[in-house]
Amino acid sequence: MMYTMKPRARDRLLRLLENPPKGSRIAAAKEFGVDLTLNVRKLGLTPTERMEEMQSFQSFLEALRQAIQEQAR
Amino acid sequence: MTNIRSALQALREAGAEFVVIGAVAAVARGSSQSTQDLDICYERSPKSLQGLASALQPYHPRLRDAPDESKFVLDARTLAGGMNFTLTTDLGDLDLMGEVAGVGQYAEVSAGASVVDLFGQKCAVASLDVLIRSKRAAGRPKDLLMLPELEALRELERTRKAKK
């Protein structure tokens, strides 16, 4: 996959996540338990790559589900 | 799991006018959520309805929530007579929304949308503002759970644009 975000831009976003302004949505999401480092990584991918990553993960889950079902038989 | 690539290709090639919404739009905008289906908000002009119907007919669309599937025929007339359709097709599950709660119809949903390349197709993807409003209006626990992430993503996007 091609990582399109420049390292400086990514670092700026990661620094923002470390110290989000009080009352910001980023601070609220962190408090809620959202791992926003995943989002920063995804923002560096193209939209198609983001979709492919999701579908690839789902395929893995489906294969895992099937394997568990077969083992249970 | 929906074959998003093939579904988008079929819709685009048939000339349907639509905006990608829901979790697929959220993922395209950087969300780390996952989803099994594709949701679109479609334009309700006769040409677009015809395009939508002809795109989906080869994939045997059926209503997911109807007990008797055999009576359902997806054509432009059916689409014009209804609004929101939850379908299952040979490509997977597909929700066609003529109207999105908290936002409106195609004109409102497409406002602020970005045209992005998705699997080689130029597709309109709803803005984070629209996604947030629709999730808030839907109000189900699974929608509300997405709000903190989407709102944070919107801030990240603004920060990224402001510093470019």
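Details of the structure are given in the entry above.
Counting of residues starts from 1 at the beginning of each chain's written sequence and follows it residue by residue. Both sets of labels track the order of writing: A upward for chains, 1 upward for ligands. Selection of residues for local features in this predicted model requires a pLDDT of at least 70, selection of side-chain atom pairs for listing and counting requires 80 or more, and totals for whole chains, interfaces and linings are taken over all residues.

### Description of the interface of chain B and chain A
We call two residues in contact when the distance between their C-beta atoms, placed using the backbone, is within 7 Å. The interface is formed by 23 residues belonging to chain B together with 26 residues belonging to chain A. Residue contributions to the side of chain B that touches chain A peak at 10 residues, all from helix α8 (residues 147-162) of chain B. Considering only residue class, the side of chain B that touches chain A consists of 11 nonpolar, five polar and seven charged. Runs of H or I in DSSP of at least four residues are treated as helices and runs of E of at least two as strands, each being numbered from the N terminus. Here the term charged refers only to Asp, Glu, Lys and Arg, the term nonpolar to Ala, Val, Leu, Ile, Met, Phe, Trp, Tyr, Cys and Pro, and the term polar to all other amino acids, Gly among them.

### Some words on the pairing of strand β4 (residues 84-89) of chain B
All names here are of chain B. Exposure is read from a count of other C-beta atoms within 10 Å of each residue's own; the residue is exposed at 12 or fewer, buried at 20 or more and partly exposed in between. C-beta atoms are placed from the backbone. Side chains of β4 alternate between two faces, with F85, L87 and T89 buried and N84, T86 and T88 left unburied. Inspection of the sheet shows strand β3 (residues 62-63) paired to β4 by two bridges, in the antiparallel sense. Bridging from a neighbouring strand, L63 pairs with L87 of β4. As paired elements, β4 and strand β5 (residues 92-97) share six bridges and run antiparallel to each other. Bridge pairing in β5 links T88 to D93. Strands are labelled as partners when DSSP assigns at least two bridges between them.

### Section: the pairing of strand β2 (residues 38-42) of chain B
Residue and element names in this part refer to chain B. In terms of burial, β2 is a largely internal element, five of the five residues being buried. A two-sided burial pattern is seen for β2, the buried positions comprising L38, I40 and Y42 on one face and D39 and C41 on the other. As paired strands, strand β1 (residues 18-21) and β2 are joined by four bridges and run antiparallel to one another. The residue bridging F18 from the neighbouring strand is Y42, located in β2. Strand direction decides the pairing type here: β2 and β5, joined by four bridges, are parallel. What sits directly across from L38, in β5, is L94.

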